[in-house]
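One-letter residues, chain by chain:
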Amino acid sequence: MEPPSTRNITILNETERIVRKSRLQRAMSVAFSRHGKSGAKACLLLTSDEAIRKLNREFRGVDESTDVLTFPAGDFAGDQLGDVAIAIPFAESQAKRRRVSLSQELGYLAIHGALHLVGFDDETEQDRAEMVRQMNIVAVDVGLKPDDNWASLLHGELD
């Protein structure tokens, strides 16, 4: 099987943090490919806590920062599945709390966002467990350590 193309994942890094884009592109591409969307396109924004808080407030009505947000493109967008935004400082805090590298945390967040774009949800415990299972399958495929206990940490838990 031919590896999925990473050219379809556009990354915009608004932060000063140097990040290996190729790993994030590969993580999202593999997630898409595993779920029947091998030619899919998406944009990944790496941003600040303040910027993601603004997005969260504007689009979800939640006035706090978070680790990752997804914005599905809708049914009429063709191969464009949507956008994913990750707050680098929030991800750094989560990585430290979990005792994993920032690279590992960003990989999981990119996979998490990609899975949301292909239709996975994590609103119920059963859905969350399935999403984490799928995240681990993709993570192992791209060379990340499996993490059966992965979960977004609440903002208050990071303080």
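Look up a bit, the structure's there.
Description of the structure in this document. (Residues numbered from 1 in each chain as written. Predicted model: local features only at pLDDT ≥ 70, side-chain atom pairs only at ≥ 80, totals over all residues. Heavy atoms only, no water.)

Applying the stated criterion across every chain yields a total of two aromatic pairs. Aromatic side chains Phe59 and Phe71 sit 5.2 Å apart centroid to centroid with 70° between the ring planes, which places their arrangement in the edge-to-face category. Taken together, the positions of Phe59 in helix 2 (residues 49-60) and Phe71 in strand 3 (residues 68-72) put the pair twelve residues apart, joining distant regions of the chain. Given a relative accessible area of 52%, Phe59 falls into the exposed group. Pairing Tyr108 with Trp150 gives two aromatic rings, centres 6.4 Å apart and planes at 20°, and the pair type is stacked. On the criterion of sequence distance, the pair formed by Tyr108 in helix 4 (residues 102-117) and Trp150 in the loop between helix 5 (125-141) and helix 6 (155-158) is long-range, its members being 42 residues apart. For the pair Tyr108 and Trp150, one class covers both residues: buried. (Phe/Tyr/Trp six-rings, centres within 6.5 Å; stacked < 30°, edge-to-face > 60°. Helix = DSSP H or I, 4+ residues; strand = E, 2+ residues; numbered from the N terminus. Buried < 20%, exposed > 50% of the residue type's maximum accessible area, 1.4 Å probe, protein only.)

As a further point, take the sheet that holds strand 3. In space, the four strands of this open sheet follow the order 1-2-4-3, with mixed pairing throughout. Every other strand in the sheet has two partners, leaving strand 1 (9-13) and strand 3 as the edge strands with one partner each. Averaged over neighbouring strand pairs, the angle between their axes works out to 15° when direction is ignored. Direction of pairing for strand 3 relative to strand 4 (residues 80-87): antiparallel, over a ladder of five bridges. The partner of Thr70 across the bridge, within strand 4, is Val84. Each of strand 2 (41-47) and strand 4 touches helix 3 (residues 88-98); the most contacted strand, strand 4, lies at about 65° to it. Along the sheet face, helix 4 touches strand 2, strand 3 and strand 4 and points at about 145° away from the line of strand 4. (Pairing = 2+ DSSP bridges. Axes fitted to C-alpha atoms, helices over the stretch in contact; angles between N-to-C directions. Contact = heavy atoms within 4.5 Å.)

Before going further, it helps to examine the pairing of strand 4. Where burial is concerned, most of strand 4 is hidden: six out of the eight residues are buried. As judged from the seven bridges shared by strand 2 and strand 4, these two strands associate in the parallel manner. Opposite Leu45, over in strand 4, you have Ala85 as the bridge partner.

The next subject is unusual backbone geometry. Despite not being glycine, Arg99 has its phi angle at roughly 65°, a positive value. The residue Arg99 is located in the loop between helix 3 and helix 4 in this model. Looking at Arg99, the relative accessible area reads 77%, which means it is exposed.

The next subject is the packing of helix 3 against helix 4. Viewed as axis vectors pointing N to C, helix 3 and helix 4 meet at an angle of 115°, and their least axial separation amounts to 9 Å. Regarding helix 3 and helix 4, the two cross each other, and that crossing is right-handed. Listed contacts from helix 4 to Ile88, Ala91, Glu92, Gln94, Ala95 and Arg98 of helix 3 are Leu102, Glu105, Leu106 and Leu109. Across the contact of helix 3 with helix 4, the residue classes tally to six nonpolar, one polar and three charged. (Left-handed = near helix turned anticlockwise from the far one by under 90°. Nonpolar A, V, L, I, M, F, W, Y, C, P; charged D, E, K, R; others polar.)

With that out of the way, let us pick up the packing of helix 1 (residues 21-34) against helix 4. Relative to each other, helix 1 and helix 4 sit at 35°, their axes nearing to 8 Å. In the packing of helix 1 onto helix 4, the handedness of the crossing is right-handed. Packed against helix 1, whose contacting residues are Arg23, Leu24, Ala27, Met28, Ala31 and Phe32, the element helix 4 presents Ser103, Leu106, Gly107, Ala110, Ile111, Ala114, Leu115 and Leu117 at the interface. Grouping the constituent residues of the contact of helix 1 with helix 4 by class yields eleven nonpolar, two polar and one charged.

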